[in-house]
Structures are given as structure tokens and as C-alpha cells.
Amino acid sequence: MRGSLRLFTWFGIPVHLHWSFGLIFLYALWIGYDNSLDLMGTLWLMGFFVALFGCVLLHEYGHALTARRYDVDTHDIILTPIGGIARLEKMPEKPSQEFVVAIAGPLVNVAIALLLLGVSALVFHEERWEFFKWFLNQQFSFSADEDTGQILEESGIQPSGLMFYLPVLVATNIGLVLFNLIPAFPMDGGRIFRSLMAMKWGRVRATQWAAWVGQAIAVLFIAYGLWSNAFTLALVGLFVFTTARSENAMVQLDDFLRRYKASDLLRPQFTRMHGNDWMQSAAALLQQGLERHFLVFDLDDQLIGMLEENSIVAAIKKNLLSQEIAQFTQKVEVVSPEESLQRVFFLIRQQGNPMIAVADESGILGVIDEAGLYHFMRMKK
Ligand SMILES: [Zn+2]
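Before going into details, it helps to say that this report is about the structure given with it. On a predicted model such as this, the values are computed, not experimentally measured, just so you know. (Residues numbered from 1 in each chain as written. Predicted model: local features only at pLDDT ≥ 70, side-chain atom pairs only at ≥ 80, totals over all residues. Heavy atoms only, no water.)

So, the overall build of the chain
Next, step 1: Looking only at helices and strands, the chain has 13 helices and 10 strands in total.
Next, step 2: For the chain, whose C-alpha radius of gyration is 30 Å, the value lies well above the compact-globule estimate of 21 Å for 381 residues.
Next, step 3: C-alpha extents for the chain along the principal axes are approximately 95 × 50 × 40 Å.
Next, step 4: Expressed as a percentage of contacts within the chain between residues at least 6 apart in sequence, the contacts between residues at least 24 apart total 60%.
Next, step 5: Accessible area of the chain: about 21100 Å², with a carbon and sulfur share of 60%. (Helix = DSSP H or I, 4+ residues; strand = E, 2+ residues; numbered from the N terminus. Rg over C-alpha atoms; globule rule 2.2 N^0.38 Å. Contact = heavy atoms within 4.5 Å. Areas by Shrake-Rupley, 256 points an atom, 1.4 Å probe, with all protein chains shown as cover.)

So, the coordination of the zinc ion
For a metal bound by four donors in tetrahedral geometry, the ideal donor-metal-donor angle is 109.5 degrees, whereas six donors in octahedral geometry ideally sit at 90 or 180 degrees.
Next, step 1: Around the zinc ion, the protein contributes the donor atoms His59 (NE2), His63 (NE2), Asp188 (OD) and Asp188 (OD), which lie 2.0 to 2.6 Å from the metal centre.
Next, step 2: One way to put it: the four donor atoms around the zinc ion meet at angles of 54 to 147°, and that makes the site irregular.
Next, step 3: One chain supplies every donor for the zinc ion, spaced along it as H-x3-H-x124-D. Here His63 and His59 lie together in helix H2 (residues 39–69), a separation of four residues that amounts to about one turn. (Donors = N, O, S within 2.8 Å, 3.2 Å for Na, K, Ca; no water. Tetrahedral: all angles 85-135°; square planar, octahedral: opposite > 155°, others 65-115°.)

Remarks on the pairing of strand S1 (residues 4–10)
Next, step 1: Here six bridges tie S1 to strand S2 (residues 13–18), and the two strands are oriented antiparallel to one another. Residue Arg6 lies in a different strand from S2, and its bridge partner there is His16.
Next, step 2: A loop of two residues connects S1 with S2, the two strands running antiparallel in sequence, and Phe11 in this loop sits at a positive phi of about 55°. (Pairing = 2+ DSSP bridges.)

A word on the environment of Arg203
Next, step 1: Considering the arrangement of structural elements, one finds Arg203 in helix H8 (residues 203–227).
Next, step 2: C-alpha of Arg203 to C-alpha of Glu93: the two residues are 110 residues apart in sequence and 7.9 Å apart in space.
Next, step 3: Sequence-distant contacts of Arg203, that is, excluding residues within four places in its chain, are made with Pro92, Glu93, Arg194, Ala198 and Val251.

What to know about helix H3 (residues 95–123)
Next, step 1: Taking 1.5 Å per residue as the helical rise, H3 with its 29 residues ought to reach 42 Å, and the 42 Å between its terminal C-alpha atoms agrees with that figure.
Next, step 2: Along H3, the sharpest change in direction is near 35° and occurs at Ala104; proline Pro106 comes one to four residues later. (Expected span 1.5 Å × (residues − 1). Bend = angle between axes of the 7 residues up to and from the residue.)

As for a nonpolar patch on the surface
Next, step 1: Taken together, the side chains of Leu5, Leu7, Phe8, Trp10, Phe11 and Leu58 define a hydrophobic patch exposed on the protein surface, amounting to about 570 Å² of accessible area.
Next, step 2: Looking at the nonpolar patch, the element that brings in the most residues is S1, giving four residues.
Next, step 3: Relative to the elements of secondary structure, Leu7 occurs in strand S1.
Next, step 4: Classification of Leu7 by relative accessible area gives partly exposed; the value is 39%. (Patch = residues over 30% accessible without salt bridge, like charges linked within 9 Å, V, L, I, M, F, W, Y side chains within 5 Å. Salt bridge = Lys/Arg side-chain N within 4 Å of Asp/Glu carboxyl O. Buried < 20%, exposed > 50% of the residue type's maximum accessible area, 1.4 Å probe, protein only.)

Looking at the side chain of Thr80
Next, step 1: As for its placement among the helices and strands, Thr80 is situated in strand S3 (residues 74–80).
Next, step 2: Not counting the four nearest positions on each side in its chain, Thr80 is found in contact with His18, Phe21 and Phe53.

Points about the sheet that holds strand S5 (residues 272–274)
Next, step 1: Ordered by their spatial adjacency, three strands build an open sheet running S5-S6-S7, and the pairing between neighbours is mixed. Only two strands of the sheet have a single neighbouring strand rather than two, namely S5 and strand S7 (303–307). The average undirected angle you get between the axes of adjacent strands in this sheet is 40°.
Next, step 2: With three bridges connecting them, S5 and strand S6 (residues 294–297) associate as parallel partners. Each bridged residue has a counterpart across the sheet, and for Arg272 the counterpart in S6 is Leu295. (Axes fitted to C-alpha atoms, helices over the stretch in contact; angles between N-to-C directions.)

Structural measurements only, silent on function.
Okay, here's the thing in C-alpha cells:
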């Protein structure tokens, strides 16, 4: 991926650090300066950020390794300042599998929080353990009547060192679980939400609903983020909004493409050109404007390829109209009339074939070109 640094490969999955991740360290420096931390304090803070993103990374591995159980590979994991992304080659389409893959990430953070809690209970005693419990309580009670700074001062605990950062890390992992479970598709909670709905109403309707809910929550994130200067939240909102929309569009398109086949949109009237015709005749046909690409046959009427508009235009510009068409002929994809529209769409849209031929045992039945495909999609949608 561009603009990112490859850190290492673990379990066969490359881990990339996005360039903007450097901002995290600048942010740590700024917090250190703002709170007049000494060098040691600032280093602890940076160490905390590294540990935090270690937890985010393990979360992403939770998704990637459960997806692997369903034969879904992961291209890579990218760490950015607003979180991690495990780029799975696809989401399992079975709702129960998507459910497991989506919940695996937050479950990793539950496990980390429990582990750290256990370790802390073992190593911290008496008033230190009291502080630990008090801190966590304070984080999630939403009744912050006591000032953390004041308590720290009274208990004599420095805002650095393991004593301070262990509870912070536990609290952050619990925070990660709660935040990720917000049902804002395509965040984890949103995927869980979609998979549950998909079990009842099918994937297409479930995605539509999940995307609407996701976009509504994303708008709240953006509004609240801008209002309270929490720009990270606003950025997450923006990301959720756009990916919810594009993922929904993809699922709806896929559903549409599955319903038709090549025979539904092939054009049976097309001009047959011959390899030994002159380019002059192709140029004349192109100028009539009815067809832009042509199938080319040999003298035995066997298909030898296709002549596309770009080649004809190039021949006109270079004054090559007295040459034979065969010299400009390119390979053409041939599909059966039973071929799904998905495959046709892939060949034309993704692979960039300007036209494909449709044929069965009896011979060529017709052609499908870019314009015909888009026209068909406009009419049916
Ligand atoms: Zn996740």
C-alpha cells in the first residue's frame, strides 16, 4: 500500500504502518509538553501508545485469523492513527461466519483486559490495588465527581510508570470493546448487526438497513466530533459514512448482477468485419456512429478477434486506412449465453474489454459492449 511502511509479516500477513502514524508520536510529545512531563514521563506516554496500538493490532489479527478459518485470506493489516484495518479479501457471505469474524476482534480486547486485570491483581497490593479499582470505576461510572489529578496527588502515585499505565491500558481495552460494538456498519458492531439481520431478512436487505443505521450514527460522530473538538471521532465518522455507502452499493450491485445472464442483454444485430477488409471500411462504419467496436472473422467465417474504436481512430490519425483489418485485430472474450451478468460486468468493467462476444455450439449469437451494458443496467434499475 502506498504511503505506508511495512513493519513485519506475522502469520503470513504483512503489517503496514500508515505514514500519518507519525502524528501519534508528535501528539505524545505535545501532551508531554502540555502536561509538563519530564523525559521519562514522555517516554512512558509513547510506550503507552505503542502498547495501545499493539492491542489494536491483536484485535485486527482476531478478525484476520478467524476469517482464515473460513478460507478468507487477508491482504494486509494497516495501522493508522484512527485505528487498524485488516484488509480481508472479502467478508464471508454466510451470516453466521460474518458474525464470528466481526466479534472476534472485540473478544481479543476482552481477553487482553482480563489478562491485564489478572496480572495487576497479582502484582499490586493494598492501596495500589485500591487505586487500580478506583481508577477503572472512575473511567466507566460517568459520574466523574473526583478529579483524577487530585487523587493522584493524595495517593502519591506518579502519572507515569506501570502503576499508572496498567489501569489506563485495561480501561482503554474496555473502551475499544465498547466503541467497536457501536452498531455503525461497517464497524464491528455494525457487521454483527448486519449478520443478525441477514439471518432473518437476507443479506441484501440487511446491508441496506445496516448502512442506513451506520450512516445515521456516522453523522452523529461527525457532528459531536466537530462540536467537542474530537477530530479523531469526526474522521472515524467520515470513514464510516463513506464505506457504509460504498459497501452497500457493492452488495446491491452484486445482487442485481446475479439476477441476469448474458443472453438477457446480448445484441444480435452486429456488423461482421473480415480480416482482409481494409481499415477504410471500418472507419466508414465508425463514422455512421451505430457501432463502435466490431467482431472480425476470417474467410471461413471463424471468429478471429475484435477491432475496437481506439484502434480505428489511431489508424485514421496515422493514415493507415489502406491496411488490412487483421493487423489491428485484438483478442476477444467469448462467453456462453448462460454466463452470469456478474462475469460479463467483470470482463467489461474490471478487465476493460470494450466488447465481448456471446456464442454457443451453433456459433456467435451476438455481442455485448460497454454502452449496451450500461444501458441495460439503467433500464433494469
Ligand atoms: Zn474490529
